[in-house]
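Remarks on the overall topology
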Protein chains: 4
Amino acid sequence: MMTDNLAVLTLQCPDQPGIVASVANLIADVGGNIANADQHTDRDSAVFLQRIEIDGPVDWEAFEQGLRQLIDRFSMQSALHRPGTRDRVVLACSSELYCAADLLTRVSLGELDVDVVAIVSDKPAAGQLAAQHGVPFRLVDGGLTGDARAKQEAAFAAALEELSPDLVVLARYMRILPEEITKRWNGRMINIHHSFLPAFAGAKPYHRAHQRGVKLIGATAHYVTAELDAGPIIAQGITPVSHRDEVEDLVRKGRDVERSTLANAVRLHLEHRVLVWDNRTCVFA
Amino acid sequence: MMTDNLAVLTLQCPDQPGIVASVANLIADVGGNIANADQHTDRDSAVFLQRIEIDGPVDWEAFEQGLRQLIDRFSMQSALHRPGTRDRVVLACSSELYCAADLLTRVSLGELDVDVVAIVSDKPAAGQLAAQHGVPFRLVDGGLTGDARAKQEAAFAAALEELSPDLVVLARYMRILPEEITKRWNGRMINIHHSFLPAFAGAKPYHRAHQRGVKLIGATAHYVTAELDAGPIIAQGITPVSHRDEVEDLVRKGRDVERSTLANAVRLHLEHRVLVWDNRTCVFA
Amino acid sequence: MMTDNLAVLTLQCPDQPGIVASVANLIADVGGNIANADQHTDRDSAVFLQRIEIDGPVDWEAFEQGLRQLIDRFSMQSALHRPGTRDRVVLACSSELYCAADLLTRVSLGELDVDVVAIVSDKPAAGQLAAQHGVPFRLVDGGLTGDARAKQEAAFAAALEELSPDLVVLARYMRILPEEITKRWNGRMINIHHSFLPAFAGAKPYHRAHQRGVKLIGATAHYVTAELDAGPIIAQGITPVSHRDEVEDLVRKGRDVERSTLANAVRLHLEHRVLVWDNRTCVFA
Amino acid sequence: MMTDNLAVLTLQCPDQPGIVASVANLIADVGGNIANADQHTDRDSAVFLQRIEIDGPVDWEAFEQGLRQLIDRFSMQSALHRPGTRDRVVLACSSELYCAADLLTRVSLGELDVDVVAIVSDKPAAGQLAAQHGVPFRLVDGGLTGDARAKQEAAFAAALEELSPDLVVLARYMRILPEEITKRWNGRMINIHHSFLPAFAGAKPYHRAHQRGVKLIGATAHYVTAELDAGPIIAQGITPVSHRDEVEDLVRKGRDVERSTLANAVRLHLEHRVLVWDNRTCVFA
C-alpha cells in the first residue's frame, strides 16, 4: 500500500469496453509497471473510475502524449501525480483545537508527509499551537452577521488565495462558508463534521444526539460543497455511547472519532485515493 | 450476568438522598441478597433509575409490603420480576422474513427463553416459516389506504388483544401503526428500523444511504411510539460499506446488522435491562 | 458488487510487467468487458494476484485458448468460474447447531445461493435441524481415541468422498481432522474457530478468554490445514465484553460473531473472492 | 459520568449479604448522597467490588471513622479519593513518540487533568517533545545486557523513586522491566502493548500479525506485572486490516489504536474506574 516512489494515475469516464486494456497497454509501452490498480464501475451512472500506481523507468513524455489520446477517445477526466512533491496544506480552525493539534502532531511525527503552510482561524486560540509547531498563524476574525461577516469571509478567502495550498482542512472551523469559497476550493477542501451524517447535520450535533438517546455517535469527513454538511463523504467513524454519557462525555468520546476520521480522510486524499462523482466518493483504500 | 434464578427489581423516581440505602435495607431485611445492581441518575431531569438482581430466601410478601412504602415515599415507578415465568411473544412481519427467522432460530436453540405464541403478518409469506417452527400463523392482510387500511389495522389490533403477549416484536412489519396501537403496546412493542436513526427515518433507507454515499450503514431497535421511527432507542448496530456496494449489497449487509441488533434489543428487554424515561432508554447491559 | 450473471476469473503468478495488459487484451479480443477487477501484488513474495468479473458476449472457447497461452507465459495458476452453476456444500457440525442453523436459514432465504447436499455430524443432535430444512443427515459418530477414532475419521472421509461437494463448511465440527482429510480438501474446507486467532487456538477459547480478562472476544473463519487453527484466515470478527460477562455470556455473545463471520467467509469463498498464497489470503471484498 | 466535584470510593471484599446496605447507610448518615454507583460480584471468586461517587456536605471525619468499621467487618480493601487533587504522572518512552505526544496533547487541551512531572526515556529522541510541552526530560540510557542493563534499570528505578508519581505510563517504553520495578509500581504502572493480547505478546507483534495474515490488529493497555504482557487488561482496541496492508501499514493503522486505547486506559485509571482482582480488571466505565 506504500506509494512513496510510485506515480499515481487516477481517471474516470463513461464506461465502455476497452478502457482497462488501453490504459494497461499505454503503461507497458512506455516502460512502466502496474504496481497496484483498483477500479470501479458504478452501475447506475455507468461511470468507470480507476486508480493505478506505476513504477519502473517510465518515459513520462511519451506517457502523457499517449494519455492525451486516451482522454480524447474515452472522454476521460484524469490526473497524474508523480512522486517527489509534498502537498501544501492550510489548516483552518476556531476555538476547538484538538483536530488541528492532532494533524500537526502527525506531521511532526512524519505520519502525514505535507507542509502545513499556515493555520488560519477566526479566533486567536490557535496562535499558541501554531507557535509551538513553528507554523505561521493567520487570524481572520470578524462578526457572524451582515457586513462584519462579509468582511471576515473576504479575509478568509483572501488568505487562502494568497497561501494557495493544495488542500484546505477545516479542522473544526465553525463558520458556514459562502458559495464562492466552496466552489473555489471544490474537491480540495475537507471538513470534519461531528456527527454521523446525514444524522445531525448543522449545529450542536452532540446535544441533539444526547437528546435523541442514540447508542452510537460518529464523525464524518467530507469534501465541502455549497450545501452545508452535504458534500461527498470520504470517511466516517463511530463509537458506542450509553445513558451514562452526558453531553460533555459525548463531546469527549467524539473527539477521538473526529480526530482519527479526519486524519484518515486527509491521508486518503493526499494519496490520491478519493475520486468523486455524482456527489459520492470512490475510496480506493 | 446470568439472571436465571434471580428476581429483578427495576425502579425509577425523582432523585433524592436515601433511595439506595432504603432499597438495600429493605432487601436485607427480608432475607435477600443483592447479586447485582446498576443505577443511574440523569443529571438533566434529576431522575434516579435502578435495576437490582436479588437472590436468597426472600420473604416476598414482606418485600412487596415494604416496597409499597418506598413507592409512596419516593414517588417510585417500580416493577418486580420473579423468576420462573416465560414471556409470551408475538412476532409481526411482512414479506421479509430474515428477522423473524433469526428470532425463531434463537428460540429453537434456547438462546431466547420465550414462548412465541404467534406470527402475525399482513402477507402470506411467513406461513411456511411459522409451520417449520410449529408456531401459529395469523394473516391480517388488507389494503394500505382508506377503509381497507382501517380494517387491516383493526384486525391487527384485535389479533394482538386476543393473543395478549408480554411483548410484540415488529420484525420487519412494514406498516405504519395507528396511535391506538402504539399507545396500547407502549413499552411492550419493539421495532427494528433498517437505518442508523435518526438518519434515514421512514421508507427506503438503504436506497437513500446509497444515494448519499455513506461509509457506514446501521440498524436501530426501538420501542414503538406514535411518531414514526422516533421512539426510545434500545440498541444500534453498524457495518462499514464502500463505493463497491450497490443498494442490494447494502440490503444484504444490513440484514446481519438488523438481525443481531433486534435480537440484542429483545434480549435486553426480556431481562428487564431497559428502563425508559423522557423518550430515552437506560440500558443496564 | 453483484456477480450473478458474470464470469469470474482468478489468477496468481510471479509478478512481472505486462500481466494486466495481456489479460485485459485477451478479454477485449474475445468480446468481453471487464465489469470489475481487483488486483494485488505482494511485495515480499513478489506474487501477483487478480480477480476479474467479465460480462459481454464472450467467445469462451477462444478465451480459454488464449488463457492457456498466458498461463504458460506467466506461470499462472488460474480458475474460471462461468455463471449458472450452484455450488454443492456439505455442512459438518457436532452438538452446537447455531452455525449450521444460521447457514441453513440463509440458504432458505436465498442469501446464500448453494445446494446444501448434506449435514454430516459426529453427534445425533443435528438430525432434527436437517429434517426441518429438508436436508439429508449423515451421522458419522465414534470414539475420540484409538481405533474408534480412526474408524470415525474414515467414515467422515468416506462421506465427504461420496457427497463430493464443492465446499465443506465445518460449522462447529468439534474434531481434530487427520492430515489426509485436510490435504484432500485443501482450499475447499472452511472452519470457524471461536476465538480471535492466533489468540486462544485449540480447546475452550471462551474459558481462557474469561480467565485472561480480555475486553474483546472474536471469531476466525479460515481454510483448514494440517496444523490446528493455523490455516489461512478468511475473515475475523470481534465483539466487546466486560467484567460482567461470565463464560456463558462470552459463549452467547461469541455465537453472533461466529455466525456472521462464518457466513461472511462462506460467501466470500463462493463468490471466488479469496485467493490463497503463502498461508495468507487475499480477499477481494 | 463527570466526576469533577465528587469523591470516589472504591472497595472490594469477599461477597456476603449486607455490604451495599451498610455502605449506603454510612454515606447517608454522614450527609452524603450517592451520585452514581456501580458494583459487580464475581461469581467464581465470590468477590464483591464497588465504585461509588459521593456528593453533598459530607462529614468526612465521621465517614472515615465509619468506613474503618466496615473495613474490619467485611475484610474490605478500600480507597477514598476526594476531589481537588491532580494526579502526578510520569511518561516513559523510547524512540517512538506518538503515544507520549498524544498524551501530552491531551493534557495541553485539558482532556486529561494531570500534571506530567517528567518524561523519562532510554533514548534522547523525546527531549524535543518534552521541551515543546515544557515538561522536564530525564534520559536514563544504557545497554540492553549485563551490567549496562542493570545500571540502566537502576537509573530508571531511581528516577521514578525521586519523581514519586501517582501513575507511570509506559508510552512505548521498549524495555523489559525487572521484577523490583513491576512490584514497586504494582497497580500504578500502565503499559500499551501493540497487539491484541494474548495474541502476539513480546517483540515485533505487527510483523507477526502480517505474517499470520490476520484481518484485524489491536492494542492492549494493561497494568504491568512481573510476567511480560500478562498483567490485568484495562482496555483493548482493534482496527481492520487487509492483504493490501504491508507491515508499515499495520504500524501506521496500529498507532491510532494504540493512542486511543492507552489514553482511554489512563483516563479510566485516573477516574478510579479500574479495580483489580485475580489478575483481571473490573472497569466501571
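See the structure shown above.
Here's what I pulled together on the structure shown here. The structure displayed is predicted, hence computed values, not measured ones. The residue numbers shown here count from 1 along each chain, following its written sequence. Chains and ligands are labelled sequentially in the order written, the chains with letters from A and the ligands with numbers from 1. Residue-level local features of this predicted model are given only where pLDDT is at least 70; pairs of side-chain atoms are given and counted only at 80 or more, and the full residue set underlies all totals for whole chains, interfaces and linings. Side-chain measures here rest on the full set of heavy atoms in the structure, leaving out hydrogens and waters.

1. Some points on the pairing of strand β8 (residues 167–170) of chain A
One face of the sheet, then the other: side chains in a regular strand alternate in exactly this way. Residue and element names in this part refer to chain A. Buried, partly exposed and exposed residues are distinguished by accessible area as a fraction of the type maximum, computed with a 1.4 Å probe on protein chains only: under 20%, between the cut-offs, and over 50%, respectively. In this text, helices come from DSSP runs of H or I with a minimum length of four residues, and strands from runs of E with a minimum of two, each type numbered from the N-terminal end. Of the two faces of β8, the one carrying L167 and V169 and the one carrying V168 and L170 are both buried. Bridge analysis of strand β5 (residues 87–93) against β8 gives four bridges, and the strand direction is parallel. In the sheet register, L91 faces β8, and the bridge partner there is V169. Look down the strands so they point away from you; if going from the first strand over the helix to the second traces a clockwise path, that crossover is right-handed. In the classification by handedness, the crossover that spans β8, the intervening helix α6 (residues 179–184) and the parallel strand β9 (residues 189–193) is right-handed. Two strands form a pair only when DSSP identifies at least two bridges running between them.

2. A short note on the sheet that holds strand β6 (residues 114–121) of chain B
All names here are of chain B. Strand order in the open sheet formed by seven strands is β7-β6-β5-β8-β9-β10-β11, and the pairing between neighbours is mixed. Here the strands that pair on one side only, and so sit at the sheet edges, are β7 (137–139) and β11 (233–240). Direction aside, neighbouring strands of the sheet carry axes that sit 20° apart on average. As defined by bridge partners, β6 adjoins β7 across three bridges and the pair is classed as parallel. Across the sheet, V120 pairs through a bridge with R138, a residue of β7. Here an angle of 0 to 180 degrees is reported between the N-to-C directions of two axes, which are lines fitted to C-alpha atoms, with helices fitted over the stretch in contact.

3. A few points about the relation of the copies chain C and chain B
There are two copies of the chain, and a rotation about an axis plus a shift along that axis relates them. Superposing copies: least-squares fit, C-alpha atoms only, residues required to have pLDDT of at least 70 in both. Least-squares fitting of chain C to chain B yields an RMSD of 0.0 Å, with the transformation described by 0.0 Å of translation along the axis and a rotation of 180°. In symmetry terms, the pair is related by a two-fold rotation axis. For chain C, the smallest separation between a C-alpha atom and the rotation axis is recorded for C:Q132, amounting to 3.2 Å. When checking whether two residues touch, look at their non-hydrogen atoms; a contact exists if any pair is within 4.5 Å. Most of the interface of chain C is mirrored in chain B, where 100% of its interface residues are also at the interface.

4. A short note on the packing of aromatic side chains
Aromatic pairs are defined between Phe, Tyr and Trp rings, using the six-membered ring for Trp, whenever the two ring centres lie within 6.5 Å; interplanar angles under 30 degrees are classed as stacked, those over 60 as edge-to-face, and all others as tilted. Per the stated rule, a full pass over the model turns up 10 aromatic pairs over all chains. Note on B:F156 and B:Y173: the rings are 4.5 Å apart at their centroids and 15° apart in plane angle, and the pair reads as stacked. Residue B:F156 is found in helix α5 (residues 146–163), and its partner B:Y173 is found in the loop between β8 (167–170) and α6 (179–184); the two are separated by 17 residues along the sequence. For the pair formed by B:F156 and B:Y173, the shared burial category is buried. Only lysine NZ and arginine CZ atoms are considered, and such an atom sits over a ring when it is within 6 Å of the ring centre and within 35 degrees of the ring normal. Geometry around C:W185 places C:R184 over its ring, the cationic atom sitting 5.0 Å from the centre.

5. A look at the packing of helix α3 (residues 98–108) of chain D against helix α8 (residues 247–270) of chain D
Residue and element names in this part refer to chain D. α8 packs onto α3 with a crossing angle of 45° between their chain directions and a minimal axis gap of 9 Å. In terms of orientation, α3 lies oblique with respect to α8. The chirality of how α3 crosses α8 is right-handed. Taken together, the residues of α8 that come into contact with α3 (itself represented by Y98, C99, D102, L103 and R106) are R255, E258, R259, S260, L262 and A263. Under this grouping Gly is polar, as are all residues other than the nonpolar Ala, Val, Leu, Ile, Met, Phe, Trp, Tyr, Cys and Pro and the charged Asp, Glu, Lys and Arg. Of the residues in the contact of α3 with α8, the class split is five nonpolar, one polar and five charged. Note on terminology: angles under 35 degrees are roughly parallel, angles over 145 are roughly antiparallel, angles of 65 to 115 are roughly perpendicular, and the others are oblique. A crossing counts as left-handed when the near helix is turned anticlockwise from the far one by less than a right angle, and as right-handed when that turn is clockwise.

6. Topic: the side chain of A:E153
You can see A:E153 is positioned in helix α5 (residues 146–163). Beyond its immediate stretch of four places on either side in the chain, A:E153 contacts A:I176, A:P178 and A:I181.

7. Quick look at the pairing of strand β10 (residues 216–223) of chain D
Residues and elements named next belong to chain D. Counting buried positions along β10 yields eight of eight residues, so the element is predominantly enclosed. Neither face of β10 is left uncovered, since the one carrying L216, G218, T220 and H222 and the one carrying I217, A219, A221 and Y223 both have all their residues buried. The pairing of strand β9 (residues 189–193) with β10 spans four bridges and is antiparallel. Paired with I192 across the two strands is A221, which belongs to β10. When β10 meets strand β11 (residues 233–240), the two strands line up antiparallel, connected through seven bridges. When the sheet's bridge partners are listed, L216 is paired in β11 with P240.

8. Comments concerning the interface of chain C and chain B
Between chain C and chain B, the contact holds 24 residues from the first and 24 residues from the second. Each partner contributes to the roughly 2200 Å² buried at the junction of chain C and chain B, and carbon and sulfur atoms together form 45% of this total. The rule for a salt bridge is simple: a side-chain nitrogen of Lys or Arg has to be within 4 Å of a carboxyl oxygen of Asp or Glu. At the surface where chain C touches chain B, the tally comes to eight salt bridges. Between B:R259 and C:E111 there is a salt bridge; the shortest N-O distance is 2.8 Å. In protein, a polar contact requires one atom able to donate a hydrogen and another able to accept it; more generally it is a pair of N or O atoms within 3.5 Å, and residues adjacent in sequence count only if both atoms are side-chain atoms. Summed over the shared surface of chain C and chain B, the number is seven residue pairs in polar contact (both at pLDDT 80 or more). Mapped onto the side of chain C that touches chain B, the elements with two or more residues apiece are α3 (98–108) and α8 (247–270) of chain C. Ranked by residues supplied to the side of chain C that touches chain B, first place goes to α8(C) with eight residues. By residue class, the composition of the side of chain C that touches chain B is seven nonpolar, four polar and 13 charged. Here the buried area means the combined drop in accessible surface, using a 1.4 Å probe, for two parts upon being joined, counting both sides.

9. A few points about the interface of chain D and chain C
How big an interface is tends to be stated in terms of the accessible area lost upon association of its parts. With 37 residues of chain D at the contact, the number on the chain C side is 37 residues. Summed over both sides, the interface of chain D with chain C buries roughly 3100 Å², with 52% coming from carbon and sulfur. For the pair chain D and chain C, the number of links is six salt bridges. Between D:E246 and C:R43 there is a salt bridge, and its shortest N-O distance comes to 3.7 Å. For the pair chain D and chain C, the number of links is 22 residue pairs in polar contact (both at pLDDT 80 or more).

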